[in-house]
Amino acid sequence: MACVVGQPEAVKLILANEIVDPNAREEDQRTPLHLACSVGQPEIVKLLLANEKLDPNATAQWKEYLFDFGSRKESFKVVHRTPLHLACEKGQPDQL
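Residues numbered from 1 in each chain as written. Predicted model: local features only at pLDDT ≥ 70, side-chain atom pairs only at ≥ 80, totals over all residues. Heavy atoms only, no water.

### Looking at the nonpolar core
Argument step 1. Counting 12 residues, the largest nonpolar core consists of A2, C3, V11, L15, L33, A36, C37, I44, V45, L48, L54 and A87.
Argument step 2. Breaking this core down by element, the ones donating at least two residues are α1 (2-5), α2 (8-16), α3 (32-38) and α4 (42-49). (Core = buried A, V, L, I, M, F, W, Y, C linked by side-chain atoms within 4.5 Å. Buried < 20%, exposed > 50% of the residue type's maximum accessible area, 1.4 Å probe, protein only. Helix = DSSP H or I, 4+ residues; strand = E, 2+ residues; numbered from the N terminus.)

Listed below in structure tokens is the structure:
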């Protein structure tokens, strides 16, 4: 949550704990880096990238929802994205 709402001091405290895994994933397999990139938190991204245990190339599954107006059916496809993909989508590739 600290990665999403932009609380760098909380992120620093969390990362200082040796048992914390910066690559931990939530239900959609997104890491804290994915989440920080997806909401445009460059300061948090820098803190995470400075952690030597972080895997910056981790991929996560994202559902892209599609709607077929002819049949009025909703479906989705699963795509795998890295944090760089997310930063570029937000127009902020320089945060990485």
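### Some details on the layout of surface pockets
Argument step 1. Space inside the largest pocket adds up to approximately 220 Å³.
Argument step 2. Around the largest pocket sit 17 residues that line it, and M1, C3, I14, P32 and L48 are the ones nearest its centre.
Argument step 3. Of all the elements in the fold, those that place two or more residues in the lining of the largest pocket are α1, α2 and α3.
Argument step 4. In terms of residue count, α2 provides more of the lining of the largest pocket than any other element does, three residues in total. (1 Å grid on protein atoms, 1.4 Å probe; cavity = no way out; pocket = protein on both sides within 12 Å on 5 of 7 lines; lining within 4 Å. Points joined across faces, edges and corners; volume = space filled by probe spheres on them.)

### Section: the packing of α2 against α4
Each packed pair of helices is defined by two parameters, the angle between the axes and the distance between the axes.
Argument step 1. Here α2 crosses α4 at 15°, and the two axes come no closer than 10 Å. Looking at the two axes, α2 sits roughly parallel to α4. Where α2 crosses over α4, the two elements pack in a sense that is right-handed. Taking contact as the criterion, the partners of P8, V11, K12 and L15 in α2 are, on α4, E43, I44, L47 and L48.
Argument step 2. The residue inventory of the contact of α2 with α4, partitioned by class, reads six nonpolar, no polar and two charged. (Axes fitted to C-alpha atoms, helices over the stretch in contact; angles between N-to-C directions. Parallel < 35°, antiparallel > 145°, perpendicular 65-115°, else oblique. Left-handed = near helix turned anticlockwise from the far one by under 90°. Contact = heavy atoms within 4.5 Å. Nonpolar A, V, L, I, M, F, W, Y, C, P; charged D, E, K, R; others polar.)

### Some words on the side chain of N51
Argument step 1. Here N51 shows up in the loop between α4 and β1 (60-68).
Argument step 2. Within the local environment of N51, its side chain forms a polar contact with the backbone nitrogen of K53, the two atoms lying 2.8 Å apart.
Argument step 3. If sequence neighbours within four positions are ignored, N51 has contacts with L15 and P22. (Polar contact = N/O pair within 3.5 Å; in protein donor to acceptor, adjacent residues only side chain to side chain.)

### A short note on the pattern of salt bridges
Argument step 1. Scanning the model with the defined rule gives two salt bridges in all.
Argument step 2. Across the salt bridge formed by K12 and E9, the nearest N and O atoms sit 3.3 Å from each other. Here E9 and K12 lie together in helix α2, a separation of three residues that amounts to about one turn.
Argument step 3. Of the residues examined, E9 reaches a relative accessible area of 53% and is grouped as exposed.
Argument step 4. The closest approach of N and O atoms between R30 and E26, which form a salt bridge, is 2.8 Å.
Argument step 5. Among the residues examined, R30 registers a relative accessible area of 18% and is labelled buried. (Salt bridge = Lys/Arg side-chain N within 4 Å of Asp/Glu carboxyl O.)

### Observations regarding α4
Argument step 1. All of the buried residues in α4 are I44, V45 and L48. When α4 is viewed along its axis, its buried side chains cluster within an angular range of 105° and face the same direction.
Argument step 2. Those residues of α4 that are buried are in contact with α1, α2 and α3. (Arc of directions from axis to C-beta.)

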